[in-house]
Amino acid sequence: MGWLGLDDTDSLNGGCTTEVFHRLLNGLPEDAELGTPRLVRLWPFAQRRTRGNAAVAVEIRSNDEPALLNHLDRWWKNHIFPLTGDVQESTISERVQTPASPGMVWFSRPPDAAIYWAAVRGEVSEEDLPKPLRRWGGHGCIGATAAVAWPAMTFTWEAIAWRKNGANGPRFVDENTLLMLDAWPEVVFSRDPRRGKQLVAPRGVSPVLFGLRALSESTAERACRTLLNAEDTEEAMGWRVFQTNQASGDHLEGSIIGDVLALEVDSVRKHAMLTVSENTLIRVFAESGPVNALARWLMPGDRIEVRGLRHPDGSVHAEQMRLVESVPRARLRPLCPSCGHRMKSMGSGQGVRCPICKHRSGDDWVSVESKPPYESWVEPEVDGRRHLARPLEWRKNQ
Ligand SMILES: [Zn+2]
């Protein structure tokens with residue numbers, strides 16, 4: 001008996017580690033008894049990462065471990081190793097892609113959880129890994145090991161269904177049934193209520209038909225069966241329920257509290273960049289919606305608290321923010337339309353000028369809403385969050 005982990009088998013334009021894993025589990029010898037499969041998301045900034053940066057693992061009990069390991073050897077050679085270096089020309093993403101470097105590990109018992117915490121909060125290299133009983137392949141062994149080591153202290157569930165072989169083009173997932181499932185209290189993140197958009201079926205090329213997230217295993221399973229049986233859902237190749245670290249908040253440790261020293265706003269995209277005390281740069285992307293709106297309202301002197309991930313470039317990418325205290329609001333000069341810095345007056349009746357790029361305009365003032373757009377913690381809308389992000393609403397109960 002032991003633990004199997006797998007990672008890095010997918011490329012941006014097709015393939016998915018969960019599907020490769022599903023086939024592997026279906027092909028195991030008859031006497032192999034499975035524990036609960038797990039889907040573990042890792043550090044989003046890892047240098048080499050797969051699309052959703054997720055690895056998978058499962059406990060397998062077998063009466064004949066040598067035979068099981070021989071079987072895994074053969075499976076690796078025939079079905080997984082051939083995926084190595086598979087980079088397909090991508091039409092859906094401009095992201096620079098590294099070739100798949102699948103990795104698979106077998107541990108008699110899960111290694112210390114420290115390797116999970118290291119891999120969900122930062123960069124881990126192959127030399128840092130605890131030694132498994134057996135390992136196959138390359139870089140993917142990092143995620144595979146982290147998935148086995150995950151202590152599953154905080155977790156949610158996801159039922160994933162895969163499309164039939166070769167299915168391509170638009171996905172058919174019964175919209176009415178999905179709407180009904182979204183009303184189940186234990187089904188989560190299935191719909192963006194603001195835009196009335198479903199969030200369970202991926203866009204683009206992927207063998208995944210849908211992924212339904214839930215607060216319990218039984219709800220994930222029941223919702224999945226209901227959706228698969230619905231009239232307008234296409235026939236699936238198979239499905240499986242995973243225990244996951246999605247929405248665990250495991251990637252974040254503590255928060256930053258500081259005074260805003262400067263604010264710049266990208267005039268086109270509306271991304272905000274805050275400089276807070278101790279020279280910390282905080283990026284608040286437009287995609288973070290309400291967090292970005294709060295950031296753009298801020299002024300030097302305001303005190304904020306931020307939860308976010310530190311990017312390798314040193315900046316913090318804000319995920320959740322709150323205003324601790326604000327300085328009194330007055331009239332302000334506008335932000336420079338070309339570089340985003342606050343314009344300055346050139347003297348009475350002389351108009352304003354950007355101190356950075358020297359852009360000029362008339363003697364303008366902007367009125368600043370004296371009330372912040374949000375009085376308490378804010379987070380992005382459901383479709384703008386990381387897989388790992390723990391919703392604010394759930395934090396209150398901890
Ligand atoms: Zn300027």
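Residues numbered from 1 in each chain as written. Predicted model: local features only at pLDDT ≥ 70, side-chain atom pairs only at ≥ 80, totals over all residues.

(A) Fine view of the domain arrangement of the protein. When cut into domains, the protein gives domain 1 (2–149), domain 2 (156–244) and domain 3 (256–330 + 368–395). Computed from C-alpha coordinates alone, the two centres of domain 2 and domain 3 are separated by 32 Å. (Domains from an automatic or database assignment.)

(B) Here's a closer look at unusual backbone geometry. With phi around 60°, Asp8 is a residue other than glycine that occupies positive phi space. Within the element layout of this structure, Asp8 appears in the loop between strand E1 (2–7) and helix H1 (17–26). In this structure, Phe189 takes a positive phi of about 55° despite not being glycine. (Helix = DSSP H or I, 4+ residues; strand = E, 2+ residues; numbered from the N terminus.)

(C) Representation of the pairing of strand E15 (residues 280–284) within the structure. Relative to E15, strand E14 (residues 272–276) runs antiparallel, the two being bridged by five bridges. If you follow Leu274 over to E15, its bridge partner there is Ile282. Turn length for the E14-E15 hairpin, with the two strands adjacent in sequence and antiparallel, is three residues, and the turn residue Glu278 shows positive phi of about 65°. As judged from the two bridges shared by E15 and strand E17 (residues 316–325), these two strands associate in the parallel manner. For Ile282, the partnering residue across the bridge sits in E17 and is Val316. (Pairing = 2+ DSSP bridges.)

(D) Representation of the nonpolar core in the model. Core analysis: the largest hydrophobic core is formed by 64 residues, its most contacted members being Ala55, Ala57, Ala146, Leu212 and Cys224. When residues of this core are assigned to their parent elements, the largest contribution, seven residues, is made by helix H4 (residues 141–149). Here this core spans two domains, and each of domain 1 (2–149) and domain 2 (156–244) adds at least three residues to it. Contact partners of Cys224, with chain neighbours within four places excluded, come to Ala159, Ala161, Leu212, Trp239 and Val241. In this structure, Val260, Leu274, Ile304 and Val306 belong to the second largest nonpolar core, which totals 18 residues. (Core = buried A, V, L, I, M, F, W, Y, C linked by C-beta atoms within 7 Å. Buried ≥ 20, exposed ≤ 12 C-beta atoms within 10 Å, placed from the backbone. Contact = placed C-beta atoms within 7 Å.)

(E) Quick peek at the sheet that holds strand E20 (residues 360–361). Pairing is antiparallel across the open sheet formed by three strands, whose spatial order is E18-E19-E20. The sheet is open, and its two edges are formed by strand E18 (344–345) and E20, each paired on a single side. Pairing analysis gives two bridges linking strand E19 (residues 352–353) to E20, with the strands arranged antiparallel. Within E20, the position partnered with Val352 by the bridge is Ser361.

(F) Local environment of the confidence of the model for the protein. Residue-level pLDDT values for the protein average 90, and 93% of them are 70 or greater. The low-confidence segment residues 89–95, where pLDDT is below 50, has nine contacts with residues more than four positions distant or belonging to other chains. (pLDDT = per-residue confidence, 0-100.)

(G) Fine view of the packing of helix H5 (residues 175–182) against helix H6 (residues 217–229). Remark: H5 packs on H6, axes separated minimally by 9 Å, with the N-to-C direction vectors making an angle of 160°. Overall, the two elements H5 and H6 adopt an arrangement that is roughly antiparallel. Crossing of H5 against H6: the hand is right-handed. Contacts between H5 and H6 involve Thr177, Leu178 and Leu181 from the former and Ala223, Thr226 and Leu227 from the latter. Its residues assigned to classes, the contact of H5 with H6 shows four nonpolar, two polar and no charged. (Axes fitted to C-alpha atoms, helices over the stretch in contact; angles between N-to-C directions. Parallel < 35°, antiparallel > 145°, perpendicular 65-115°, else oblique. Left-handed = near helix turned anticlockwise from the far one by under 90°. Nonpolar A, V, L, I, M, F, W, Y, C, P; charged D, E, K, R; others polar.)

(H) Inspection of the sheet that holds strand E13 (residues 256–265) at higher detail. Around the barrel, five strands lie side by side as E13-E14-E15-E17-E16; this closed barrel has mixed pairing. Strand after strand, the sheet turns through a mean of 50° between neighbouring axes, direction not considered. Bridge analysis of E13 against strand E16 (residues 303–310) gives four bridges, and the strand direction is antiparallel. For Ile257, the partnering residue across the bridge sits in E16 and is Glu305. Those strands touched by helix H7 (residues 290–297) are E13, E14, E15 and E17, and its axis lies near 55° from that of E17.

(I) Seen up close, the environment of Leu83. You can see Leu83 is positioned in the loop between helix H2 (65–80) and strand E5 (103–107). The exposure class assigned to Leu83 is buried, which follows from the 20 C-beta atoms found within 10 Å. Between the alpha carbons of Leu83 and Asp73 there is a distance of 15 Å; along the sequence they are ten residues apart.

(J) Structural view of H4. Within H4, nine of the nine residues are buried, which leaves it mostly tucked inside the rest of the structure. Along its buried surface, H4 packs onto E1, strand E3 (38–41), strand E4 (54–61), E5, helix H3 (114–121) and strand E6 (134–137).

(K) Structural detail: the packing of H3 against H4. Axis separation between H3 and H4 bottoms out at 8 Å; the angle between their running directions is 125°. For the element pair H3 / H4, the angle class is oblique. As H3 runs across H4, the sense of the crossing is left-handed. Counted together, Ile115, Tyr116 and Ala119 of H3 and Ile142, Gly143, Thr145, Ala146 and Ala149 of H4 form the full contact between these two elements. Split by residue class, the contact of H3 with H4 holds six nonpolar, two polar and no charged.

(L) Region of the structure containing the pairing of E3. Alternating positions in E3 separate into two faces, Arg38 and Val40 on one and Leu39 and Arg41 on the other, with burial throughout. Relative to E4, E3 runs antiparallel, the two being bridged by four bridges. Looking across to E4, one finds that Val40 is bridged to Ala55.

(M) A look at H1. With seven of its ten residues buried, H1 lies for the most part within the structure. Restricting attention to buried positions, one finds in H1 the residues Thr17, Thr18, Glu19, Val20, Phe21, His22 and Leu24.

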